[in-house]
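Analysis of the macromolecular model
The primary structure of each chain is shown beneath.
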Number of protein chains: 2
Amino acid sequence: MKAGNGTRLFVNEVATRDGFQMESRFIPTDDKIALIDRLSGLGYAKIEVTSFTSAKAIPALRDGEEVMNRIARRPGLVYTALVPNLRGAERALESRIDEFNIVMSVSETHNLANLRMTREQSFAQLAGVIALAKKAGVPVNVSLSCVFGCPMEGEVPLATVQGWIDRFAALEVQGITLCDTTGMAYPTQVREVCESVLASHQAQEWTAHFHNTRGMGLVNTVAAVEAGIRRLDMSLGGIGGCPYAPGATGNVATEDVVHMLQCMGYDTGMHLEGLIAAAAELEALVRHELPAQVSRAGHRLTRHAPPPDFDDIVIRARERGQAHKELQS
Amino acid sequence: MKAGNGTRLFVNEVATRDGFQMESRFIPTDDKIALIDRLSGLGYAKIEVTSFTSAKAIPALRDGEEVMNRIARRPGLVYTALVPNLRGAERALESRIDEFNIVMSVSETHNLANLRMTREQSFAQLAGVIALAKKAGVPVNVSLSCVFGCPMEGEVPLATVQGWIDRFAALEVQGITLCDTTGMAYPTQVREVCESVLASHQAQEWTAHFHNTRGMGLVNTVAAVEAGIRRLDMSLGGIGGCPYAPGATGNVATEDVVHMLQCMGYDTGMHLEGLIAAAAELEALVRHELPAQVSRAGHRLTRHAPPPDFDDIVIRARERGQAHKELQS
């Protein structure tokens, strides 16, 4: 595994969208705003603030406009949101978001299950959203679900993935996110897929999005970065998940990924201690234990006190050493 | 990240020692034996059955002799146990174990806290155990704790690690295990340490032992294998931990590591479905949720059913497509 050597990586936070939409408790609007404002100071390149889906479909994010309008925007930081259709795009433009994040699945079954449309129907709808964004001068990122496998169909051929990438690249989207929606990716596959698709289009910004469902979120992140990915989606505390994969844990945890990448010598631009503090606040908001590990265990160099009887142990060990020497003499 | 290309790796199970010694509930002797007999059929190279520590120090493993004597030994599989001192070595020999696993820490503070001796005192005691094993013709593996850092001292210099390795190599131990006792290792460090120490002594068999405390257990495993490590300690279900690092989770989970390595094309010799079934039995024994992920989420290609209303979704999507075509014509 190669050392980071200061390579700059860019971190996108998705907890406030991908995470909050899975929480059973509605997170109060003021709390969402306070959390996002706090996160804005921690070094992120991008924060996915909310989703302009219908309030009926995702009640957890029904306050999208208010959140977008009341957060304190930090210059240079991209505040994005999920935009599912033209109605959502109009709401997003009214809220002056910096980027549209549009979503479809490269798996027909998953797209039908998740978006209730065929992939062709989704693509047609999203092409309309892209046209509107272009007119308004707002960049578009497309997040492709199930790039590394579908929980219902199994393997998704690389040619299928590449086909949808080509079609979105032809519409001149600014960014493409390769999503491992239910944690099916493994490192050698990640390397192969990322190397292949990154070589196919140079005009797009590429992002990887991993879930830790089978424990491989961090190792897949390293594989993606080694394959040339420089932008990574992560979720504070590791919140989020997928309703179509029972037992699936959430997105890779921001604090776990940042900690690892910093240890390896990558420049993430992130404030790790600030993340750990923000994760504690998030845990209080969602009212359940977070799957993230570094917020519990601390930085690898966190010092722990020796046991309370340590001085006695040392004294007794020295005495044994002395007795041993006396026996030998 | 390189593909495995069928490279043979060897799996050591430590749940029945490193794991059970941390459980608050005493696992009944019959249950231990039944579990080990089951594990013996799953492809392991080695199983660390128990510890011949005093019953007072580790009551959870006070039945070491009975377990060793009653398990059904599979030819070729190495049944090892932790042997702390000469008294333990005599018990281990009576139980006809295939290998002694001896332990000390490369960190003075951790050795004192954990073993209540200075490192020199531990080394002197273990040299006696090695001499006894040599006389009895039993191979010895030394597990060195805190190779990748000490929770109380912080970084442990590679020269310190190398110094203790040299001293044990001089005593002609057959194997050396590099233990990341509290999950402080990170991938580029693992590569550096493993490459360096493996190059220093060719006569020994090398093993790596990772904990998942900060989520890096799997990525560190890949780093170790890429650096030439072929033997890996893991714990079914991810049970185990370290009393001196609060919040520390357990060893890397056998099913998670095996699943990843198999996906990457390594030959582990292991029966993954059997592991997942054994983990369910283990969970019933320890009576708490296990940290392992693959036993919950299943193999990456496990198929999940689409939502119950999937047929209706498809019909409605087709109708919308038809309506759209009629509107256009």
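Residues numbered from 1 in each chain as written. Chains lettered and ligands numbered in written order. Predicted model: local features only at pLDDT ≥ 70, side-chain atom pairs only at ≥ 80, totals over all residues. Heavy atoms only, no water.

**Notes on the interface of chain A and chain B**
Counting residues at the interface gives 62 residues for chain A, matched by 62 residues for chain B. Counting the surface lost from both chain A and chain B, the interface buries some 5300 Å², and carbon and sulfur atoms represent 59% of this. The largest contributions to the chain A side of the interface with chain B come from A:Met1, A:Arg214 and A:Arg300, which together make up 17% of the buried area. Put simply, chain A and chain B have four salt bridges between them. Across the pair A:Arg300 and B:Glu155 runs a salt bridge whose closest N-O atoms are separated by 2.9 Å. (Contact = heavy atoms within 4.5 Å. Buried area = accessible area lost by both parts, 1.4 Å probe. Salt bridge = Lys/Arg side-chain N within 4 Å of Asp/Glu carboxyl O.)

**A closer look at the nonpolar core**
Ranked by internal contacts, the top residues of the largest apolar core, which has 205 residues, are A:Phe100 and B:Phe100. Ignoring any residue separated from it by four or fewer positions in sequence, one finds B:Phe100 in contact with B:Thr80, B:Ala81, B:Val83, B:Ala89, B:Ala92, B:Leu93, B:Val129, B:Ala133, B:Val138, B:Pro139, B:Val140 and B:Asn141. (Core = buried A, V, L, I, M, F, W, Y, C linked by side-chain atoms within 4.5 Å. Buried < 20%, exposed > 50% of the residue type's maximum accessible area, 1.4 Å probe, protein only.)

**Points about the side chain of B:Thr221**
All names here are of chain B. Locating threonine 221 in the fold gives a position in helix H9 (residues 217-226). Judged by its relative accessible area of 2%, threonine 221 falls in the buried class. In this view, threonine 221 contacts Phe210, Leu232, Val257 and Met260; residues no more than four positions away in its chain are not counted. (Helix = DSSP H or I, 4+ residues; strand = E, 2+ residues; numbered from the N terminus.)

**Regarding helix H5 (residues 108-115) of chain B**
Buried within H5(B) we find B:Thr109, B:His110, B:Asn111, B:Leu112 and B:Ala113. A positive phi of about 60° marks B:Arg116, the residue just after H5(B).

**Observations regarding helix H10 (residues 254-263) of chain A**
Residues and elements named next belong to chain A. Among the 10 residues that make up H10, nine are buried, leaving the element largely enclosed by the rest of the structure. Looking at H10, one finds that the buried residues are Thr254, Glu255, Asp256, Val257, Val258, His259, Met260, Leu261 and Cys263. The positive-phi residue at the C-terminal boundary of H10 is glycine 265, with phi of around 95°.

**Details of the pattern of salt bridges**
Residue and element names in this part refer to chain A. In this structure the tally under the stated criterion is 34 salt bridges over all chains. Measuring nitrogen to oxygen at the nearest pair gives 2.8 Å for the salt bridge that ties glutamate 99 to lysine 46. Note that glutamate 99 is positioned in strand E4 (residues 99-105) and lysine 46 in strand E2 (residues 46-51), a separation of 53 residues in sequence. Here arginine 87 ties to glutamate 90 by a salt bridge, and the two come within 3.9 Å at their closest N and O atoms. Linking arginine 87 with glutamate 90, this pair stays in helix H4 (residues 86-94), spanning three residues, or about one helical turn. Judged by its relative accessible area of 40%, glutamate 90 falls in the partly exposed class. A cluster of three or more residues bridged by salt bridges with shared partners is formed by Asp30, Glu66 and Arg70.

**Digging into the sheet that holds E4(A)**
Residue and element names in this part refer to chain A. The strand order around the closed barrel built from eight strands is E1-E2-E3-E4-E5-E6-E7-E8, with neighbouring strands paired in parallel fashion. When strand polarity is set aside, the average angle formed by the axes of neighbouring strands in this sheet is 25°. With three bridges joining them, strand E7 (residues 205-209) and strand E8 (residues 231-234) adopt parallel strand pairing. Of the residues in E8, the one forming a bridge with alanine 208 is leucine 232. Each of E4 and strand E5 (140-145) is contacted by helix H5 (residues 108-115), which is oriented at about 120° to E4, the strand it contacts most. The strands that helix H6 (residues 119-136) touches are E4 and E5; relative to E4, the one it contacts most, it runs at about 170°. (Pairing = 2+ DSSP bridges. Axes fitted to C-alpha atoms, helices over the stretch in contact; angles between N-to-C directions.)

**With respect to the packing of aromatic side chains**
Scanning the model with the defined rule gives six aromatic pairs over all chains in all. Consider the rings of A:Phe123 and A:Phe168, whose centres lie 4.9 Å apart with planes at 70°: the pair is edge-to-face. With A:Phe123 in helix H6 and A:Phe168 in helix H7 (residues 158-170), the pair connects residues that are 45 residues apart, well separated along the chain. The residues A:Phe123 and A:Phe168 share a single accessibility class, namely buried. Cluster of aromatic residues (ring-pair linked, three or more members): A:Phe123, A:Trp164 and A:Phe168. When the ring centre of B:Phe123 is taken as reference, the NZ or CZ atom of B:Arg167 above it lies at 4.2 Å. (Phe/Tyr/Trp six-rings, centres within 6.5 Å; stacked < 30°, edge-to-face > 60°. Lys NZ or Arg CZ within 6 Å of the ring centre and 35° of its normal.)

**Describing the packing of H7(A) against helix H8 (residues 187-200) of chain A**
Residue and element names in this part refer to chain A. Running from amino to carboxyl end, H7 crosses H8 at an angle of 30°, the nearest separation of the two axes being 11 Å. In terms of crossing hand, the pair formed by H7 and H8 is right-handed. Each of Leu158, Gln162 and Ile165 in H7 lies in contact with H8, whose residues at this interface are Glu192, Val193, Ser196, Val197 and Ser200. The class makeup of the residues in the contact of H7 with H8 is four nonpolar, three polar and one charged. (Left-handed = near helix turned anticlockwise from the far one by under 90°. Nonpolar A, V, L, I, M, F, W, Y, C, P; charged D, E, K, R; others polar.)

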